[in-house]
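Take a look at the letters that make up each chain.
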Amino acid sequence: MPDDEIEMELTPAERSLLLRYGYPFSQSEAALKACAESKKIERVPIDRFNLEQLIGNLCYSINRAKPGRLQDELLTLCDRLEAAERYGDGDLDVDI
């Protein structure tokens, strides 16, 4: 994996939100669509530039969304992406 990529563990719901509200560039869009039908948590490589763009686009979508569940889900996802950008770790914190 290149140094400028972060492997994000994403749930099906998160992948769907990114495709719909993150306005991904073609490389990220292709990676998200490749596992769109999966019901599992999938690892999706996203380079840092695309990650920054996804964060910005999600912020735009958060501000346009009506207060409620969608806005909360977008904010939570944006927080995860920002943490991955900051720490270079896209793993989910899942208790087994």
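In what follows, the structure referred to is the one given above.
This text gives an overview of the structure that appears in the document. On a predicted model such as this, the values are computed, not experimentally measured, just so you know. (Residues numbered from 1 in each chain as written. Predicted model: local features only at pLDDT ≥ 70, side-chain atom pairs only at ≥ 80, totals over all residues. Heavy atoms only, no water.)

**Some thoughts on the packing of helix α1 (residues 12–21) against helix α4 (residues 69–87)**
Here comes step 1: At a closest axis distance of 11 Å, the pairing of α1 and α4 adopts a crossing angle of 100 degrees. With respect to each other, α1 and α4 are oriented roughly perpendicular. Packed against α1, whose contacting residues are E14, L17, L18 and Y21, the element α4 presents L70, E73, L74, L77, R80 and L81 at the interface. (Axes fitted to C-alpha atoms, helices over the stretch in contact; angles between N-to-C directions. Helix = DSSP H or I, 4+ residues; strand = E, 2+ residues; numbered from the N terminus. Parallel < 35°, antiparallel > 145°, perpendicular 65-115°, else oblique. Contact = heavy atoms within 4.5 Å.)

**Here we look at the pattern of salt bridges**
Here comes step 1: Counted according to the given criterion, the structure contains 6 salt bridges.
Here comes step 2: The partner of R43 in a salt bridge is D91, with the nearest N and O atoms 2.9 Å apart. On the criterion of sequence distance, the pair formed by R43 in strand β2 (residues 42–47) and D91 in the segment after α4 is long-range, its members being 48 residues apart.
Here comes step 3: The partner of R69 in a salt bridge is E73, and the shortest N-O contact between them spans 2.9 Å. Here R69 pairs with E73, and both are found in helix α4, just 4 residues apart, close to one helical turn.
Here comes step 4: Among the charged side chains, a network of salt bridges with common partners joins E7, E9, R43 and D91. (Salt bridge = Lys/Arg side-chain N within 4 Å of Asp/Glu carboxyl O.)

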